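Results of the structural survey
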Amino acid sequence: MPIAEVIAALDDPRATERHDAGAAHVLLCGKSRIRQRMDVAALPGPLRIRVREAAAARGYELPRWAELLLRKA
């Protein structure tokens, strides 16, 4: 799934915490995305905050690079 689609889904007014948690899992956990770091860096500031909070709520252990990128919101 292209990052533009992830961003559009999170920007949708119908998006819920489940969407945020799903994005956190897809973008931050494991190495399922070829351009994982670039995808996270492409998130607009408010979405970075939501994804960071969703990851924290789920207890995801984030790699150092993800923590640094998500704090630049």
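Residues numbered from 1 in each chain as written. Predicted model: local features only at pLDDT ≥ 70, side-chain atom pairs only at ≥ 80, totals over all residues. Heavy atoms only, no water.

1. Observations regarding the nonpolar core
Judged by nonpolar contacts, the single largest core of 19 residues is most densely connected at Leu 27, Leu 28, Val 40, Leu 43 and Val 51. Those elements that provide at least two residues to this core are helix 1 (3–11), helix 2 (17–28), helix 4 (45–58) and helix 5 (64–71). Non-local contacts of Leu 27, meaning those with residues more than four positions away in its chain, are made with Ile 3, Val 6, Arg 33, Gln 36, Asp 39, Val 40, Leu 43 and Trp 65. (Core = buried A, V, L, I, M, F, W, Y, C linked by side-chain atoms within 4.5 Å. Buried < 20%, exposed > 50% of the residue type's maximum accessible area, 1.4 Å probe, protein only. Helix = DSSP H or I, 4+ residues; strand = E, 2+ residues; numbered from the N terminus. Contact = heavy atoms within 4.5 Å.)

2. Notes on helix 5
Burial in helix 5 covers these residues: Trp 65, Ala 66, Leu 69 and Leu 70. Looking straight down helix 5, one finds that the buried residues subtend no more than 125° of arc, so they occupy a single side. Away from its buried face by more than 90 degrees, helix 5 exposes Arg 64 and Arg 71. Taken together, the buried residues of helix 5 touch helix 2, helix 3 (36–42) and helix 4. (Arc of directions from axis to C-beta.)

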